[in-house]
Amino acid sequence: MREASSPPPRHFPRHLAARVHLGPTPSVMGSRILQLDIPADSEASPRRNVPGSVSSPLMNGEKSVFRDQNAGFTALASPVRREIGNRSMTRSFCVDDNDLEDGKASKDRDRPSQFLRLPNIQNRALLSGLAYCISSCSMILVNKFVLSGYGFNAPIFLMLYQNIVSVTIVSTLSLSGAIPTEPLTWKLIKVWLPVNIIFVGMLITSMFSLKYINVAMLTILKNVANVLTASGETYFFNKHHGTQVWIALILMIISAAAGGVTDLSFHAVGYTWQIINCFLTASYSLTLRHVMDSAKQATKSGNLNELSMVLLNNILSLPLGIILVLGFNEVEYLLETPLLRMPEFWLVITASGVLGLAISFTSMWFLHQTSATTYSLVGSLNKIPLSVAGIVLFKVRTSMENSLSILFGLLAGVFFARAKLRDNSPS
């Protein structure tokens, strides 16, 4: 076991980018852990020779983290993959965890990160895994509690406030020298703005869908984003997937359709928002891959680490979030609701913002302590306790048919993660 005084790696792992969400995926907005894609052969990547990536759950919404399965990028769902999202970085991201795998442990992976200097703990891998699972599940559940439990009818404001919390924390850490972030320039902002617009749309739609759909069904429906992303990779980037990957994707579609048909709390508005969210999630992943090289060239250092992407996504989302709050007339509701006069409510929504950002940090920590295979499969398996917790905590009415379709979809997600690893492993 390395001593805590070992020198930190020169670069942070490039596996997460925005807070999520929503969710595989992906964040729920969840996930806000959204997931971005960072080239595996990048100098800053701790897995330069890694061939592929795998998809697992998210994020802002769930702040969701989404990762581009093709290029090996990782997106952090902003306090969103936060479930939805994640927010971004979340991955959701869902937001969906995708990762690279080469079957070998990187030397850099064993070194403590610059911002996580912990004492020498024998079971550090277990501790980091628990922290990742707890933060990603908690993000989605807290967002659901705010939107459904409290009956809060200003989801855009919730996203905006969570982003403010993330910007405040990351900026403070950056100014104190605890973490490195890339200076923001107009050149970088102009390159990143189209990606950010899709990111904000992903987080917002994740929030809207989470208000009407139970957590278990939302987790299953987010699998549709994987299908759209894989299809987009094939169409736009000539990425060829193995037979098992397509079988897993077909199983996801079947489980989502069966779950919707048997959903006793079916809500057309919620399902509509979630379908839009899946298209935006896929667009975010594919667009991110397209602009990453340009974004790196627009930086002073020639690199854009995941913490810089978190800061960039969340800062750019603020003016757009304010415009949308005004456009959707949430100001009138905010002035009238008694919730904003309750200190405990502010504590809960602040905690949701912190959890969205925590997904990003715990994801990086967990990936440092384990292999990419473990990280990806744990992300997929993490959806199972999340779905059960969502049904129990929110007293969701369900049937045997609906429960079986949900379980079927969760297992299809695990099968998809394993198939992606096998598909991307060296022959």
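Secondary structure assignment for the chain yields 13 helices and four strands. Residues classed as buried in the chain amount to 60% of the 427 residues present. Of the roughly 15800 Å² that the chain leaves accessible, carbon and sulfur atoms contribute 65%.

Here the focus is a nonpolar patch on the surface. A cluster of nonpolar residues, Ile322, Leu326, Val331 and Leu335, forms a patch on the protein surface that exposes about 390 Å² of accessible area. Mapped onto the fold, Leu335 is located in helix H9 (residues 330–336). Residue classification places Leu335 among the exposed positions, given a relative accessible area of 66%.

We now examine the packing of aromatic side chains. In total, this model carries 14 aromatic pairs according to the counting rule given. Ring centres of Tyr161 and Trp346 lie 5.3 Å apart, and the angle between their planes is 70°; this geometry places the pair in the edge-to-face category. Taken together, the residues span a long stretch of sequence, with Tyr161 in helix H2 (residues 155–175) and Trp346 in helix H10 (residues 343–369) at a distance of 185 residues. Judged by relative accessible area, which is 17%, Tyr161 ranks as buried. Take Trp346: its relative accessible area is 29%, and that puts it in the partly exposed class. Among the aromatic residues, those joined into a cluster by ring pairs are Phe145, Tyr150, Phe152, Phe157, Tyr161, Tyr333, Phe345 and Trp346. Lying over the aromatic face of Phe237, Arg289 brings its terminal NZ or CZ to 4.0 Å of the ring centre.

In this model, the chain carries a mean pLDDT of 75, and residues with pLDDT of at least 70 account for 70%. Within the model, pLDDT remains below 50 along residues 1–119, and this stretch shows 989 contacts once partners closer than five positions in the same chain are excluded.

Here we come to helix H3 (residues 186–212). An ideal rise of 1.5 Å per residue puts 39 Å on 27 residues; H3 measures up with 38 Å between its terminal C-alpha atoms. A bend of about 45° at Leu193 is the largest found in H3, and the proline Pro194 appears one to four places after it. Across the 27 residues that make up H3, a large majority, 19, are buried.

Let us look at the environment of Thr398. Note on placement: Thr398 falls in the loop between helix H12 (383–393) and helix H13 (400–424). Separated by 136 residues in the primary sequence, Thr398 and Thr262 have C-alpha atoms spaced 8.4 Å apart. Sequence-distant contacts of Thr398, that is, excluding residues within four places in its chain, are made with Leu264 and Ser403. Here the side chain of Thr398 touches Asn402 through a polar contact of 3.2 Å, side chain to side chain.

The rules behind each value
- Counting restarts for each chain: residues are numbered from 1 in the order of the written sequence.
- Predicted model: local features are reported for residues with pLDDT of at least 70 only, side-chain atom pairs are reported and counted for 80 or more only, and whole-chain, interface and lining totals are derived from all residues.
- Working from all heavy atoms in the structure, the side-chain values ignore hydrogens and water.
- Segments assigned H or I by DSSP are reported as helices when at least four residues long, segments assigned E as strands when at least two residues long, and all are numbered from the N terminus.
- Each residue is assigned to one of three classes by its accessible area relative to the maximum for its type, calculated with a 1.4 Å probe on protein chains only: buried under 20%, partly exposed between the two thresholds, exposed over 50%.
- The accessible surface values rely on the Shrake-Rupley method and a 1.4 Å probe; as for residues, cover is taken only from the protein chains in view.
- Like charges within 9 Å and nonpolar side chains (Val, Leu, Ile, Met, Phe, Trp, Tyr) within 5 Å are joined into patches, using only residues over 30% in relative accessible area that form no salt bridge.
- Each salt bridge in this description consists of a side-chain nitrogen of Lys or Arg and a carboxyl oxygen of Asp or Glu lying within 4 Å of one another.
- Only Phe, Tyr and Trp rings are paired, with Trp represented by its six-membered ring, and only when their centres lie within 6.5 Å; those with planes under 30 degrees apart are stacked, over 60 edge-to-face, the remainder tilted.
- Should the NZ of a Lys or the CZ of an Arg lie within 6 Å of a ring centre and within 35 degrees of the ring normal, that charge is described as sitting over the ring.
- Per-residue confidence from the predictor is reported as pLDDT, a score between 0 and 100.
- When checking whether two residues touch, look at their non-hydrogen atoms; a contact exists if any pair is within 4.5 Å.
- Take the residue count of a helix, subtract one, and multiply by 1.5 Å to get its expected span.
- Fitting one axis to the seven residues ending at a residue and another to the seven starting there, the bend at that residue is the angle between the two axes.
- Pairs of N or O atoms are called polar contacts if they sit within 3.5 Å, as long as, within protein, a hydrogen donor faces a hydrogen acceptor (for residues adjacent in sequence, only side-chain-to-side-chain pairs).

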